[in-house]
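# Descriptive structure summary
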Amino acid sequence: MKLPPVLRLLVRNFESNLDLITLLVMFGQPAFLIVILGTMFNPIVTSSSTSGSYTAFLVPGMIASQMITGAVLSGRIFWLDRRWSMVEQLFSGPFLRAEYLAALLLTTLTFALVGVGILALVALPLVGLPLLSPLELLAVLGTIGLGAIFFAGLLITIGIYIRSANLYFTIQSLLQYFLIFISTVYYPVTSATPVALRAVVYSNPLTYAANAVRSAFQHRFGSDDLVSIGILAGLAAVTFTSAVVSFRRVEFGPVQ
Amino acid sequence: MASTLVAKATDLGYAYRPSEFAVRHLNLELRRGEVFGLLGRNGAGKTTTVRLLTTLLTPTEGSGELFGRDLRSCGRAERARLGVVLQSESLDFVSVERNLTLYAFLWGVPREVAKARAEEMLALFELEGSRKRKPWALSGGERRRFQVARELMHEMELLFLDEPTVGLDALTRQRILDYLAQRARAGLSIVFTTHILHEADLLCDRIGILQRGRLRALGVPAELKRQYRGARFVEAEFDRAVTPEEDRDLDALLARNAPEALEVTRGGTQLRFRAPNPEGLVAEVALWAAQRGIRLAKIAVREATLEEAFVDLVTDDGESRLGAVEAP
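Residues numbered from 1 in each chain as written. Chains lettered and ligands numbered in written order. Predicted model: local features only at pLDDT ≥ 70, side-chain atom pairs only at ≥ 80, totals over all residues.

### Points about the overall build of chain B
A tally of helices and strands in chain B yields 12 helices and 14 strands. In terms of principal-axis extent, the alpha carbons of chain B reach across some 75 × 45 × 35 Å. Counting only residues that meet the buried cut, chain B has 43% of its 328 residues in that class. Sequence separation of at least 24 residues holds for 68% of the intrachain contacts in chain B that already meet a minimum separation of 6. (Helix = DSSP H or I, 4+ residues; strand = E, 2+ residues; numbered from the N terminus. Buried ≥ 20, exposed ≤ 12 C-beta atoms within 10 Å, placed from the backbone. Contact = placed C-beta atoms within 7 Å.)

What follows is the structure in structure tokens.
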């Protein structure tokens, strides 16, 4: 039986781009951070600012950051497909650009959600995991899904306009670190946070995602979080539309 | 007539930037089962033409058809009937063997068929020993063979090969050309770009020559060779070097009998020139030599090679001598 084109591309994305080292870096690094940062900071971070142990605070933030992990993989696949002319090769075959983008999106979502599962397993022995209601679970997965679409759209758009691997991967790394560190993934924003930094943190979509996931984990998911998800959905729509539009003018030919 | 065409271009053009046309006023018909060679210098517009005809680029002017459908509205159905070997390398990050079967999977080829075809391609392109290696670890020639082999993993009606034989040794090149000729005899249409004119001469039923984005010549190789200034060469070799006085005589003879002779080279025992209808002149040269007691070790008239015709055509003054090929 012939699979639909999107699923064929999805299988190809997984098979062609995943090796043990990539998987270890993608999922091992956040798991490592949960264990090490959680263990090292737990004794020195006051529970008043984190509403409990630091590890319990960190885990939902790291889980939320999986949206970036999935998106980074998509950006990498797209860039390497350009570098090795697979974009040109696939588009000269029986695939539509929309299908290629859909497959990238599915790859992003799959990886983000697999990352969530792995981090949840890593966190289980450290802090246990709350029993989420179906609504809270949906909120967590929806937030991460929308965030993954937002970042994937952003990275693909950037990847379309840049013709140098060095520049692309530098931008990707900077963006990744900037977005993760200037968000509420690792630390809360309190009244002691400088106003300027607070403004930057709250202009970062990852902050809203981390806060929404954290709220769900702490069973206090409310209307503010719904607004956060709404904003994330809007941003995801904007970057993904930008990726779709930019994709129509993707240039073929050598990139370095 | 229309049913015998697989692709058609009518005044087709593409500009990467406004008014910077990579291809312009391209008029071309590709027939079912023919091998069509697209020649031209670097940057002449060959790859852009391939991208236009494979729908990777949307024409910015003119029109075209692929399997009878307007190029601008072609989609999956038409592209599913194509095969494209790109000029640049394209690959997945898996072994050579898995690249072949994964590519077949992408094209929806059943697993068992793909497995058998992969074996056939690995043998045909002498890649059996490299099946477990990653494509980027192959030598340049092996990588090129791999590209062609991978594209042949699926069925197609029209195959575009953008410089498929770059970096291949003569034996491998011949083997691939033989295979392609065999596929063409079985009905596959092939569009072939190359810089190796000898192989275009051997393989192609018709040839188009692009210069600065315009199709300057179109025809069967023999026609093209004859088309330009008669383009027949006379090559003579004397049994001794001619003296300076004899050389002046020879010069006068050529000026008198063949004022339109081109590329005249004389020196020592050699004489070589190009002229239309040179048979009469050959007799004059033979008589001239006999009168001076010079024996002709060799004298021959030959057609221009495709390479000579090509060089003649794409020289800088080519544009002033030749117009673009008009719409059929």
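### What to know about the overall build of chain A
Counting its secondary structure elements, chain A contains 12 helices and zero strands. Each helix and strand of chain A, ordered N terminal to C terminal, gives the series α-α-α-α-α-α-α-α-α-α-α-α. For chain A, whose C-alpha radius of gyration is 19 Å, the value lies close to the compact-globule estimate of 18 Å for 256 residues. Seen through its principal axes, chain A has C-alpha atoms that stretch 60 × 45 × 35 Å. Taken over 256 residues, chain A has a buried fraction of 45%. At a minimum sequence separation of 6, the contacts of chain A that also span at least 24 residues come to 83%. (Rg over C-alpha atoms; globule rule 2.2 N^0.38 Å.)

### Examining the interface of chain A and chain B
The partner chain B presents 21 residues to the 18 residues of chain A that form the contact. Counting residues per element, the ones that place at least two in the side of chain A that touches chain B are helix 1 (5–17) and helix 6 (86–91) of chain A. If you tally residues by element for the side of chain A that touches chain B, the top one is helix 1 of chain A, at five residues.

### A word on the sheet that holds strand 9 (residues 206–211) of chain B
All names here are of chain B. Pairing is mixed in the open sheet, where six strands are placed in the order 6-7-8-3-9-10. Single-partner strands in this sheet number two, and they are strand 6 (82–85) and strand 10 (214–219). Neighbour-to-neighbour, the strand axes of this sheet turn through a mean angle of 15 degrees, independent of strand direction. Bridge analysis of strand 3 (residues 35–40) against strand 9 gives five bridges, and the strand direction is parallel. Among the inter-strand pairings, F36 is bridged to a residue of strand 9, identified as R206. (Pairing = 2+ DSSP bridges. Axes fitted to C-alpha atoms, helices over the stretch in contact; angles between N-to-C directions.)

### A short note on the sheet that holds strand 5 (residues 69–70) of chain B
All names here are of chain B. One open sheet accounts for four strands, arranged 2-1-4-5; its pairing is antiparallel. For this open sheet the edge positions go to strand 2 (20–31) and strand 5, each flanked by a neighbour on one side alone. As judged from the eight bridges shared by strand 1 (residues 5–17) and strand 2, these two strands associate in the antiparallel manner. Along strand 2, the bridge assignment pairs A9 with L28. Strands strand 1, strand 2 and strand 4 (61–66) of the sheet are contacted by helix 1 (residues 46–53), whose axis makes an angle of about 60 degrees with strand 2.

### A look at the nonpolar core
A:A209, B:I190 and B:F192 are the most contacted members of the largest nonpolar core, which totals 144 residues. For this core, the element with the highest residue contribution is helix 8 (residues 134–161) of chain A, accounting for 14 residues. Beyond its immediate sequence surroundings of up to four residues, B:I190 is in contact with B:V35, B:F36, B:L159, B:L161, B:L180 and B:A184. By size, the runner-up hydrophobic cluster in this structure holds 13 residues, among which are B:A236, B:L250, B:L254 and B:I294. (Core = buried A, V, L, I, M, F, W, Y, C linked by C-beta atoms within 7 Å.)

### A look at the confidence of the model for chain B
Residues and elements named next belong to chain B. Averaged over chain B, the pLDDT score is 87; the fraction of residues at 70 or greater is 93%. Considering each helix and strand of chain B separately, the mean pLDDT is smallest for helix 12 (residues 318–321), with a value of 43, and largest for helix 3 (residues 96–106), with 97. Taken as a whole, residues 317–323 scores under 50 in pLDDT and shows seven contacts with residues more than four places along the chain or in a different chain. ipTM for the predicted complex: 0.86, alongside a pTM of 0.83. (pLDDT = per-residue confidence, 0-100.)

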